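Notes for the structure review
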Amino acid sequence: MTRAAAAPVLLALALRLVPILVADRVVVDIERYQRVGRHLLDVSPNPYETKRLYPYPPLWAPFEAGAEWLSRHGLGSFAIDVKLPVLFADLLIVLALVAAGRAGRAPPAAAWIYAVHPVSILVTGFHGQFDSIALLFVLLATGALARGRRDGSALFLAAAIGTKSFPVLLVPFLAFAGAASWGKAMRYAFLATAPVALLLLPFAIADLPALRRELLAYSGIADFGWTGFLRGVTWLATGDLARSEARFWPVASAASKVLFLAAWSALVLATRRGWLAFTPAQAGLATFVAFNVFYGALSAQYLLWVVPLAVLWPGRALVSHAAAATAGLVGFYLFLAPGVLRPEPLAGASALWAGRLWVVGTGATLVVSVAWLAGLLREGRAAAGEATT
């Protein structure tokens, strides 16, 4: 590693390692990870036999079991050990951005921007959610495709989907990238999805109802997005804070799915017809921003999805999103996720102000995302117009 590459990586390491060590608490999602890890070590190697604890593809489960095994043998604490793979993924994202900058696919500042990005620091260092592992593979998939390595790109995307399911949304965009024929697109789609199907097959054979329940029953959490904002505004108006689970928002949950699937389908159609011209990375960014706009039940970590791709084109939208999302996340963690940022929950006026910060940040993130999506669509239309002239 050269000195130029090491500098942003070391900065990213310092900015994330400190909160990992300071926020050494088994709370919120970390507590769920530990319960799954204990199940894997003591009960069954099937994470889908747990109830409402593992709504992910299989690749994350070994990290939960490994962190629990290490903590049992006195090798660190669970809360630290389970975050280390996520930290490693963030550092690899920085390295991937350095490489993209050298290849001319990203500005030289991209790696530095991600290294200091507050949403990444909050989600990785404090919260401990592992979306950055999937996002690393998404970044590698788009980079490989830009270099003409379609099979490698598809396998990177398979690793992303096998970690968290949301990158499956990118399959049609990446499969048909570069005006690929149907045959090439089908090969790409097969390589991106078949490995995940093979990973899931043993669990489907062992207990198909459990696999279906855990993977398909989860519909998000109304902490962010337009449903989260509605929940927050209702709390400010009435003093009554509704539960966040999707089952308490049946109409909004159904509307979220319909709205996003319609928007995603329109995006796929527009790119296939040539009405929008996007690179694979731009298509991924537009997809994730659209998800933030139309899907109402967003968990806190979903706000990270746009960041690794967005730093490829830093600008006002990225800065505005960082400010709004950071405000929303800080307010959310202090108000609704005690233990993530500080050991003790807030009370009284402090809790009230934290709640207000969450609502304002959630609304601001939504507004920024709408404007961002509109800008991306304008750019895609302009590029498509240039391509036809």
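Right, let's walk through the structure included here. (Residues numbered from 1 in each chain as written. Predicted model: local features only at pLDDT ≥ 70, side-chain atom pairs only at ≥ 80, totals over all residues. Heavy atoms only, no water.)

Observations concerning the overall build of the protein
When helices and strands are tallied, the protein shows 17 helices and 0 strands. Taken against the 2.2 N^0.38 rule, which gives 21 Å for 389 residues, the C-alpha radius of gyration of the protein at 20 Å falls within 12% of a compact globule. With the principal axes as the frame, the protein shows a C-alpha extent of 60 × 50 × 45 Å. Burial analysis of the protein (389 residues in total) assigns 53% to the buried set. Long-range pairs, those at least 24 residues apart, make up 75% of the contacts in the protein with a sequence separation of at least 6. Of the roughly 16,700 Å² of accessible surface on the protein, a fraction of 68% belongs to carbon and sulfur atoms. For the protein, the separation between the mean place of its 31 positive charges and that of its 19 negative charges on side chains is 9 Å. (Helix = DSSP H or I, 4+ residues; strand = E, 2+ residues; numbered from the N terminus. Rg over C-alpha atoms; globule rule 2.2 N^0.38 Å. Buried < 20%, exposed > 50% of the residue type's maximum accessible area, 1.4 Å probe, protein only. Contact = heavy atoms within 4.5 Å. Areas by Shrake-Rupley, 256 points an atom, 1.4 Å probe, with all protein chains shown as cover. Lys, Arg positive; Asp, Glu negative; His and termini not counted. Charge placed at Lys NZ, Arg CZ, Asp CG, Glu CD.)

Section: the side chain of Asn292
Tracing the backbone shows Asn292 in helix α14 (residues 280-294). Note on Asn292: relative accessible area 3%, which makes it buried. Only 2.9 Å separates the side chain of Asn292 from the backbone oxygen of Phe288, close enough to count as a polar contact. When neighbours within four sequence positions are excluded, Asn292 is seen to be in contact with Leu298, Tyr302, Leu303, Val306, Leu366 and Ser369. (Polar contact = N/O pair within 3.5 Å; in protein donor to acceptor, adjacent residues only side chain to side chain.)

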